[in-house]
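Below, each chain spelled out in residue letters.
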Amino acid sequence: MLTFVYRLLLISLYFLVVYFGIPFYKMFGTKWYSFYLWFGLCMIIGLMLYWGVLCLFFYIARFRRGGLKYSIPSFFIEDPKKDIPLKYGIDKHIRAPLDKAMFFPVLTSSTVMVCGFSNSEENICIPEIVKGKLLPFSYKVTSIKVCSLGRHDSNEDPLWIDLLDTRMDGLNARSITIPGSVTFIDLESFYYCNRLAAINVSDENPKYKSTDGMLCDKISNTLIYCPKDKNGSVTIGNTVSSIGNRAFFNCKGLTGVVIPDSVSTIGSDAFHGCEHLTGVVIPDAVTSIGWHAFADCRSLTSVNIPTSVTTIEGYSFESCSGLTSVTIPNSVTSIEASAFFDCLGLTSVNIPTSVTSIGRSAFENCSGLMSVNIPDEVKNISPSAFRNCSSLTSINLPDSVKSIGNSAFEVCRKMEEVTIGDSLTGIPKSTFKGCSSLKKVVLGKSVSSLSNTSFSGDTAVAMIVSKNTVPPTGTAIVWASVSKSIPVYVPCSSIDAYKSSVCWSGFTNFKPLNI
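Residues numbered from 1 in each chain as written. Predicted model: local features only at pLDDT ≥ 70, side-chain atom pairs only at ≥ 80, totals over all residues. Heavy atoms only, no water.

## Focus: the overall build of the protein
Filter applied, for reference: Numbering of helices and strands runs from the N terminus; a helix is a DSSP stretch of H or I covering at least four residues, while a strand is a stretch of E covering at least two. Think of it in three bands: residues with accessible area under 20% of the maximum for their type are buried, residues over 50% are exposed, and the middle band is partly exposed, with areas taken using a 1.4 Å probe on protein chains only. Any pair of residues with heavy atoms lying within 4.5 Å of one another is described as a contacting pair. Accessible surface area values rest on a Shrake-Rupley calculation with a 1.4 Å probe, where residue burial reflects the displayed protein chains alone.
Regarding its fold elements, the protein presents three helices and 39 strands. A buried classification covers 50% of the 515 residues belonging to the protein. For the protein, the share of sequence-separated contacts (at least 6 apart) that also reach a separation of at least 24 residues comes to 38%. As presented, the protein carries roughly 23000 Å² of accessible surface, and 55% of it is formed by carbon and sulfur atoms.

This is the structure we're talking about:
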């Protein structure tokens, strides 16, 4: 309504100039054509005033910080090829009809960005230049970006809507063509383009290029985005040096990927959610595999980590429920938090001698894991590292292990035997809690303290061996779930000390241990 009023006022101004200017036509003489000369001049002056005031309002709103608090006349931007009109109000809101394809907010006096698509277009071609329909301005499209563009005003024309936190909502888009002028792309813009199968980039673009329908950064040679509807097996070009963060995120139709030897880095979430990915060969040149890189790849059955990798980052293979085998090379020194969390199909893991640290929940909930070899070089086992590995039958902690976290082996229901090395000084809370099949416990020479819940619920314990000459401290609750008549082997010279200890006094069958 306000836009209509402003245009009416401007048109009225134009006719007033013409109306009041006509009586002065005699200034041009008394010839028969004098009136027409003056009438034409008045029309020119009126048009100049009309466009001048309109342009003045536009530039004030564009360059004044915060803009005007009231709405003033809008103008249209159109794609000169497809004649798609788009309305830009200079109160800094974007309004576009629901059946149109693209939305262009103005960034500067000469550039615009694309911030939204509608649902109607399948093959979207972003223009390099857009032109004003009512004002004589041309704009270069330089950016594709997620926008927050204000709220819907119920007083406005109901045929137009404001866009709020808009992404490229192109639910029907199958392909997008990007011109050479675009130098910035916010990848979140394509979040809702679930049917997108190809992105094409002009050869003249200095920043981006397209490889087999995938978006790459020309400068860093990084593959940065694969359309979500890319199906089957994909071969990455040998000019690519790294796979960017979230490059193949949630590509559910992807079944295989060939990574060339030129790739040295696989970014975080690179293949996250590729639930039908069955196989991937990681080349020897890869030195880094990012967080969540292959998380939720539920069809992945095996993975071979190259010898150039030194750290398996957190959550790298989280929830790969189909993973049955993994080869960890001797170059790896650390397995980070939740690296193999919830890998239900993993049956065995051979941890190499190079590994010194096993992160929090690294193998938690690997219910199919039956055996694991912890090498002599491991110094730290973090909390919940093997929690709920319900098929694990035994564990041997070597003398190198100096610390172990809470709940490290909690709820390992099939575990029957635990041997703790001579360097560990304490068993923290819930370490072996809920190991209902545990029959034999061997405590190393340095174990000096036991938490109340270290062995809580372990009702099947039939034998305990404690090598420390000084009874490990703790309360009577430590062994509350264990029968007090079972044999407890302790150093011969320490039997009396154990009998008088609060933690051990309930046991009645102490036997000498020959160390």
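## Examining the pattern of salt bridges
To be explicit about the condition: Salt-bridge detection follows one rule: a side-chain nitrogen of Lys or Arg within 4 Å of a carboxyl oxygen of Asp or Glu.
Taken as a whole and assessed by the stated rule, the structure comprises seven salt bridges. Between arginine 174 and aspartate 229 there is a salt bridge, and its shortest N-O distance comes to 2.4 Å. Here aspartate 229 lies in the loop between strand S16 (222-225) and strand S17 (232-235) and arginine 174 lies in the loop between strand S10 (160-162) and strand S11 (175-178), a separation of 55 residues in the sequence. Judged by relative accessible area, arginine 174 falls into the partly exposed class, the value being 27%. Between aspartate 296 and arginine 298 there is a salt bridge whose closest N-O contact spans 3.0 Å. Within the structure, one salt-bridge network assembled from shared partners comprises Glu364, Arg387 and Glu410.

## Details of the sheet that holds S16
Note the threshold: Each pair of strands is called paired provided DSSP finds at least two bridges between the two strands.
Spatially, six strands are ordered S14-S15-S16-S18-S20-S22 in an open sheet, and the strand pairing comes out mixed. A strand with exactly one partner marks an edge of an open sheet, and here the two such strands are strand S14 (208-211) and strand S22 (288-289). Two elements, strand S18 (residues 242-243) and strand S20 (residues 265-266), share two bridges in a ladder whose sense is parallel. Within S20, the residue paired with serine 242 across the bridge is threonine 265.

## So, the nonpolar core
This is how it is decided: By convention a nonpolar core is built from buried Ala, Val, Leu, Ile, Met, Phe, Trp, Tyr and Cys residues, the set being connected through side-chain atoms within 4.5 Å.
Within the largest apolar cluster, 93 residues are counted, with the highest numbers of intra-cluster contacts made by Phe248, Phe271, Phe294 and Phe409. Elements supplying a minimum of two residues to this core: strand S15 (214-217), strand S19 (254-258), strand S31 (394-397), strand S33 (417-420), strand S35 (440-443), strand S38 (488-491) and helix H3 (495-500).

## Considering the sheet that holds S31
Going by this rule: Each axis is a line fitted through C-alpha atoms, taken for helices only over the stretch in contact, and angles between the N-to-C directions span 0 to 180 degrees.
Strand order in this open sheet of six strands is S31-S33-S35-S37-S38-S39, and the pairing throughout is parallel. Of all the strands in the sheet, the pair left with one neighbour each is S31 and strand S39 (510-513). On average, each strand axis in the sheet is inclined to that of its neighbour by 15°, with strand direction left out of account. The pairing of S38 with S39 spans four bridges and is classified as parallel. The residue bridging valine 488 from the neighbouring strand is phenylalanine 510, located in S39.

## Observations regarding the confidence of the model for the protein
Rule in force here: Residue-level confidence of the predictor is summarised by pLDDT, bounded by 0 at the bottom and 100 at the top.
Model confidence for the protein is summarised by a mean pLDDT of 80, while 70% of its residues fall at 70 or above. In this model residues 61-101 is a low-confidence stretch, pLDDT under 50, and it forms 130 contacts with partners more than four residues away in sequence or in other chains.

## Some remarks on the pairing of S14
By the bridge criterion, four bridges tie S14 to S15 in an arrangement that is antiparallel. Looking at the pairing, lysine 209 lines up with cysteine 216 of S15. Between S14 and S15, which follow one another and run antiparallel, lie two residues, and aspartate 212 among them has a positive phi close to 55°.

## Here we look at the packing of aromatic side chains
Our working rule: Two aromatic rings from Phe, Tyr or Trp, using only the six-membered ring of Trp, form a pair when their centres are within 6.5 Å; if the ring planes differ by under 30 degrees the pair is stacked, by over 60 it is edge-to-face, and anything between is tilted.
Overall, the coordinates contain 17 aromatic pairs when judged by the stated rule. The interplanar angle of 5° and the centroid separation of 5.4 Å between the aromatic rings of phenylalanine 317 and phenylalanine 340 together place this pair among those described as stacked. Taken together, the positions of phenylalanine 317 in the loop between strand S24 (311-312) and strand S25 (325-327) and phenylalanine 340 in the loop between strand S26 (334-335) and strand S27 (348-350) put the pair 23 residues apart, joining distant regions of the chain. Both residues of the pair, phenylalanine 317 and phenylalanine 340, belong to the buried class.

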